Structure formats: structure tokens, C-alpha cells
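Chain and residue survey
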Amino acid sequence: MGAEAPQWLFGSFVEAMREIGATAPVPDLEAEARDLLKRWTEPGRRLHNVRHLINVLAHVDELSASTHDPDVLRVAAWYHGAFLNTAVEAKLAGAEPVTIAHRCAAHTSQRLEDLGVSDDVAARVGELVTTMATHTAPRDDLDAQVLSDADLAALAATPQEYKKYRQLLREEYGHVDDLTFLRARRLVVRRLLARPEVFQSPRGRAWETRARENLEAELAKADEAISRLDPTDTAPSEEAHRDVDVDVADGPPRAELDDDESVTSTGTIIIRRKHLRKNTAPQTEQEEPPATTGRLPLLAGAETDHHPDSDEDDASSLETAIDALDVPSRPTDQR
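A short tour of the structure in this document, coming up. In this text, all values refer to a predicted model and were calculated from it rather than measured experimentally.

Turning our attention to the layout of surface pockets. Here the second largest pocket is characterised by a volume of approximately 250 Å³. Lining the second largest pocket are 13 residues, and of these R166, R170, F181, L182 and E218 lie nearest its centre. If you list the elements that add at least two residues to the lining of the second largest pocket, you get α9 (159-172), α10 (178-194) and α11 (208-229). For the lining of the second largest pocket, the element with the highest residue contribution is α9, accounting for five residues.

Pasting the structure below:
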């Protein structure tokens, strides 16, 4: 989809980069967008491709009202796909997601610094890229929670869309035999179900019920398929949960807060903003300040699907624009 990527996608990347303080000229930022899209469209990326990137950006838009630095999240979403980095891949490689993510995070930080982003912001984006590998954000880091939820939003799709999601994921690992893939994927699904909550941000939790229904159905299908391929694999689900290698399946458990000031006397967690030192992007004499940030564009006359928990200006801007890409616009809410 590199050549087919809509032009506004390039523009949204450039605007987000300038908002986080990239001082490189616009042509350099556009070249970086082309390089990233080339990575997102590498052969074999059946699921984690430009469609997935657009979906994540759309969900960041949807949840952005509760974030502190939404453009930092948008840039992290772009870079997290610079290298294929999934929990299934980690399991297949016998490695931890964090270990695999280090390559992507290091690449991200270096590229951002080369494009004139401050060390502070580059480090933060690299940190968020790593968080997307584990999907385990600190309890007092709302921005990281939102980005993780945006990446996992496909789990809360309709059953039909989730079936397509599973098919594309299997095709992405077509070089792996069925039994090996199913065991790796089952481990990931079991770990997600073992978590107290799949989604961590306040708005993302509206997707919890549908996601768990999809995951439970997938787990049942995986157990059945594995038992056919290997009749000796009869471990009950609850035992498998205890045996899960957390680091491989989904990252380490969420760390407890050591800072007493982050928790009130009643146990309420204080969400603290990470204040980032940003460079100031230069402007030419002919260039006007951007009217928007890297938020995806609203199309004039487009009929949007209003989210029950969102204000009108929080609705994802992508409902019409992605129709041609066959991308589900948003997960299904359950009340």
C-alpha cells in the first residue's frame, strides 16, 4: 500500500512531527514518512500493515481528549511498526517482547534525534514504542495507557471483523506450522484473558466486554485445533494460566507505584503529566502555522458514527476515509 497510501497520511505525520518539535525541513519529514510507509508495507505484512497503522491513529484520535501529548502518541504509533514486533513473534523466537522492541525503540530514538526532535521527546517516544510491545502501561501514565488501548482496539471488533483479524494474523505467519503458531497465539490470548483488564485507559474500558468475548471464542477454537493436532496437549486452561511466561506473552505485570505522592490516602492514583522539553519547529516566511495537529482529517460532508462516550469533536475522523481500505472504524462498545 506504499504508493496507495492517501496523501493526507503523509501530511498527518509531518504535522505531528512538527508539533513534537522536529526542526528538520518538511521535505525531510516527508521522506521519513515514505520510509516508514515502506516498512509498513513490507511483503508478508498481512495484518500489521498500513491499515493497522491507520486504525491505531484513528483510535488515538478517538481517545485523545484524555491525553496530555496526543501528537507524541501519534508519532509513536508510526514508529512502532518500523520493525514487525508482536507478542506472537516474541513467543516464536523464544524472546521477550521488550527485547524485540529494543531494536525498534533504538531506531525510533535515533531517527527522531536526526530529525531535530529533542532528546527528551525522542526518549519518550522510544519508551512508548516499548510499551506497545508489552501492552502494559504504568498505572499513572494515561498517555501510555491510551496508546496501548489504541493498538489493542481490534480485539473489540465485531465477530466478523475479528475473524478476519485472526485470518490475517495467521497469514502473516504463514511460514510457521499450524501447531507452533496455535500454541504461540494461545499463550498470548490466555495471558490477555488473565489480566484484570484488557484495556487500561478510562475510555478504552468501554471495549472490554466485546474484547473478552472475542478472545474467549478464539481460545476455545485454538484449544480444539491444538487437541486435534496434538492429543497429548490436555492442560486445563486454569493450569495454563499459571504456567504462562508473562514476559513472553504480554510483558511484565504492571509495576506497583513506589512514589507515595502518586497515591492519595484513599488509594486513588494521581495521573501525572510527563513534561517534555520540545524544540520549536522553524517556519518559513511563506508558511502559516498549522491549523491542526497530526489528527487525521475530517472530510467535508462525511457522515460520522458518534461514539457514546465521546464529545462530537472527539469522534474519529476516519470513518469515511478508510472505507476504501476495508478497515473497521472503531471497536464495538458494550453497555
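Side-chain pairing between opposite charges can occur once the charged atoms of the two side chains come close. Scanning the entire structure with this criterion turns up 21 salt bridges. Note that E218 and R185 form a salt bridge whose closest N and O atoms lie 2.7 Å from each other. Linking E218 in helix α11 with R185 in helix α10, this pair joins segments that are 33 residues apart in sequence. When sorted by exposure, E218 lands in the same class as R185, which is buried. As a salt-bridge pair, D223 and R186 come within 3.1 Å of each other at their nearest N and O atoms. With D223 in helix α11 and R186 in helix α10, this residue pair connects regions lying 37 residues apart in the sequence.

What follows covers the environment of D141. Relative to the assigned elements, D141 resides in the loop between α7 (119-134) and α8 (142-152). Separated by 73 residues in sequence, D141 and H68 have C-alpha atoms that sit 9.9 Å apart.

The next point concerns the side chain of S109. Inspection of the secondary structure assignment puts S109 in helix α6 (residues 97-114). Relative accessible area serves as the criterion here: at 18%, S109 is assigned to the buried category. Of note is the side chain of S109, whose polar atom sits 3.3 Å from the backbone oxygen of A122. Excluding its chain neighbours within four sequence positions, the residues that come into contact with S109 are A122, A123 and G126.

For residues besides glycine, phi is generally negative; the peptide bonds are generally trans as well. The phi torsion at H135 lies on the positive side, around 55°, for a residue other than glycine. Relative to the elements of secondary structure, H135 occurs in the loop between α7 and α8. Accessibility expressed as a relative area gives 11% for H135, which makes it buried.

Attention now moves to the packing of helix α4 (residues 70-79) against α7. Helix packing for two helices is described by the angle between their axes and how far apart those axes are. Two elements in contact, α4 and α7, have axes separated by 9 Å at closest approach and are oriented at 60°. Of the possible angle classes, the one that applies to α4 and α7 is oblique. Crossing angle aside, the handedness with which α4 passes α7 is right-handed. Residues V72, L73, V75, A76, A77 and Y79 of α4 form the contact with α7, whose own contacting residues are V121, R124, V125, L128, V129 and M132. Here the contact of α4 with α7 is built from residues that sort into eleven nonpolar, no polar and one charged.

Cut-off values and rules
- Residues numbered from 1 in each chain as written.
- Predicted model: local features only at pLDDT ≥ 70, side-chain atom pairs only at ≥ 80, totals over all residues.
- Heavy atoms only, no water.
- 1 Å grid on protein atoms, 1.4 Å probe; cavity = no way out; pocket = protein on both sides within 12 Å on 5 of 7 lines; lining within 4 Å.
- Points joined across faces, edges and corners; volume = space filled by probe spheres on them.
- Helix = DSSP H or I, 4+ residues; strand = E, 2+ residues; numbered from the N terminus.
- Salt bridge = Lys/Arg side-chain N within 4 Å of Asp/Glu carboxyl O.
- Buried < 20%, exposed > 50% of the residue type's maximum accessible area, 1.4 Å probe, protein only.
- Polar contact = N/O pair within 3.5 Å; in protein donor to acceptor, adjacent residues only side chain to side chain.
- Contact = heavy atoms within 4.5 Å.
- Axes fitted to C-alpha atoms, helices over the stretch in contact; angles between N-to-C directions.
- Parallel < 35°, antiparallel > 145°, perpendicular 65-115°, else oblique.
- Left-handed = near helix turned anticlockwise from the far one by under 90°.
- Nonpolar A, V, L, I, M, F, W, Y, C, P; charged D, E, K, R; others polar.

Read these as layout, nothing more, since geometry by itself doesn't imply function.
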